[in-house]
Amino acid sequence: MENVDNPLSPTNGSVPEQDDTRSEPASSKPAGVVGDLAETDPFTPVMRHITLISAGMSESSQSTALGSDLLNASESALAEYGVVPEHHIFYLRDLANDILNATVADHKTPALEEAINQVIAADAVITVTPTYKGSYSGLFKMFWDLIEDGSVTNIPVLLGATGGTPRHSLMIDYVMRPLFSYLRMDVLPHAVFAATDDWGEVPEATASSRDTPIAERVARAGSELATVLMRRTARDRDAALHEDMKIIPFEELLHTI
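In short, a report on the structure. (Residues numbered from 1 in each chain as written. Predicted model: local features only at pLDDT ≥ 70, side-chain atom pairs only at ≥ 80, totals over all residues. Heavy atoms only, no water.)

## Here we look at the overall build of the protein
Selection criterion: Helical segments are the DSSP runs of H or I of at least four residues, strand segments are the runs of E of at least two, and each set is numbered from the N terminus. Note on classification: 1.4 Å probe, protein chains only; a residue is buried when its accessible area is under 20% of the maximum for its type, exposed when over 50%, partly exposed between these limits. Any two residues having at least one pair of non-hydrogen atoms within 4.5 Å are treated as being in contact.
Summing up its helical and strand segments, the protein has 8 helices and 6 strands in all. In the protein, the succession of α and β elements from N to C terminus is β-α-β-α-α-β-α-β-α-β-β-α-α-α. Taking all 257 residues of the protein together, the buried fraction comes to 46%. Pairs at least 24 residues apart make up 78% of the contacts formed inside the protein by residues separated by at least 6 positions.

Here it is, written out as structure tokens:
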């Protein structure tokens, strides 16, 4: 069963071309949205970084395809706000040996450190896993076990999963959400489960039990993620990775006296 919570959708207004007069957009930005939507310089805070963690077992797997679709939908939705998105994609199959060594020997390779750091410093995370035995894959769980407690608090995360049948769709709610709630990430209400029949006709199989096409569900999830990001300021990536560089508000310092 898919999550039917309705996410907010962005204002469908065009972003004017920048000129010497610095004219403002004709349409007003949605309530709560921060930043200048007309500014698209990638070196300004209006930029958003999205990290995709995919546990797909091959380039042609359903999980790989779903992760790519969710990322593209999110970036398209952000573009409607005039935001320049930057993404960082990590396929766990390429890090399988590194993840195993880090688990049993407590040694992280530079490639694995990069994946972990991009999760910690991201404005948002998209993560997708295939369904095995009614749960996420072991490789998926091993990677997230390497994320230190408190390092990803309040980072929005969009969940996706794939399986051979819609009967596994509740796996997201019963297995994935508790994991990311434990990590204290901001788990988005809408998640996407894609069964084999979502990608086309399956010989000798029953018709899909879901009324909403996969493309529509993916677009809705991407729109929700973009809306959440635009209600927040861009994260300080250096401070996220280096606690000693974090700027503490003066009022917060007073409370420590």
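Once the structure has been displayed, the description carries forward.
## Points about the pairing of strand 1 (residues 48-54)
For clarity, the cut-off: When DSSP finds two or more bridges between two strands, those strands count as paired.
Most of strand 1 is tucked away, with 7 of its 7 residues classed as buried. Burial along strand 1 is two-sided: Arg 48, Ile 50, Leu 52 and Ser 54 facing one way and His 49, Thr 51 and Ile 53 facing the other are all buried. Both strand 1 and strand 2 (residues 85-91) contribute to a ladder of 7 bridges, which runs parallel. Bridged to His 49 within strand 2 is Glu 86.

## A few points about unusual backbone geometry
The backbone of Lys 133 sits at a positive phi, close to 55 degrees, despite the residue not being glycine. In the Ramachandran plot, Arg 184 falls in the positive-phi region, its phi being about 65 degrees despite a non-glycine side chain. Note that Arg 184 resides in the loop between helix 5 (171-182) and strand 5 (186-187).

## Regarding the side chain of Ser 54
To be explicit about the condition: Here a polar contact is taken to be a pair of N or O atoms separated by no more than 3.5 Å, where protein atoms must pair a possible hydrogen donor with a possible acceptor and residues adjacent in sequence count only if both atoms sit in side chains.
Its location among the elements puts Ser 54 in strand 1. Given a relative accessible area of 1%, Ser 54 falls into the buried group. Separated by 3.3 Å, the side chain of Ser 54 and the backbone nitrogen of Gly 56 make a polar contact. Not counting the four nearest positions on each side in its chain, Ser 54 is found in contact with Ser 63, Thr 64, Phe 90, Tyr 91, Leu 92 and Val 128.

## So, the nonpolar core
Note the cut-off: In this text, buried Ala, Val, Leu, Ile, Met, Phe, Trp, Tyr and Cys residues form a nonpolar core when linked through side-chain atoms within 4.5 Å.
In terms of nonpolar packing, the biggest core is built from 38 residues, with Phe 143, Trp 144, Met 176, Phe 180 and Met 185 touching the most fellow members. It is helix 5 that provides the largest number of residues to this core, a total of 6 residues. Contact partners of Met 185, with chain neighbours within four places excluded, come to Val 125, Trp 144, Val 152, Asn 154, Ile 155, Val 157 and Phe 180. Counting residues in each nonpolar core, the second largest holds 26 residues, with Leu 66, Leu 70, Ile 126 and Ala 221 among its members.

## Here we look at the packing of helix 2 (residues 96-105) against helix 4 (residues 138-145)
What counts is decided by this rule: Lines fitted to the C-alpha atoms define the axes, with helices restricted to the stretch that makes contact. Angles between their N-to-C directions range from 0 to 180 degrees. Convention used here: angles under 35 degrees read as roughly parallel, angles over 145 as roughly antiparallel, angles from 65 to 115 as roughly perpendicular, and any remaining angle as oblique. A clockwise turn of the near helix away from the far one marks a right-handed crossing, whereas an anticlockwise turn of less than a right angle marks a left-handed crossing. Gly falls in the polar group here, along with every residue not listed as nonpolar (Ala, Val, Leu, Ile, Met, Phe, Trp, Tyr, Cys, Pro) or charged (Asp, Glu, Lys, Arg).
Helix 4 packs onto helix 2 with a crossing angle of 55 degrees between their chain directions and a minimal axis gap of 10 Å. Regarding the angle of helix 2 to helix 4, the classification is oblique. When the axes of helix 2 and helix 4 are compared, the crossing they make is left-handed. On helix 4, the residues that touch Ala 96, Ile 99, Leu 100 and Thr 103 of helix 2 are Leu 139, Met 142 and Phe 143. Here the residues of the contact of helix 2 with helix 4 sort into 6 nonpolar, 1 polar and no charged.

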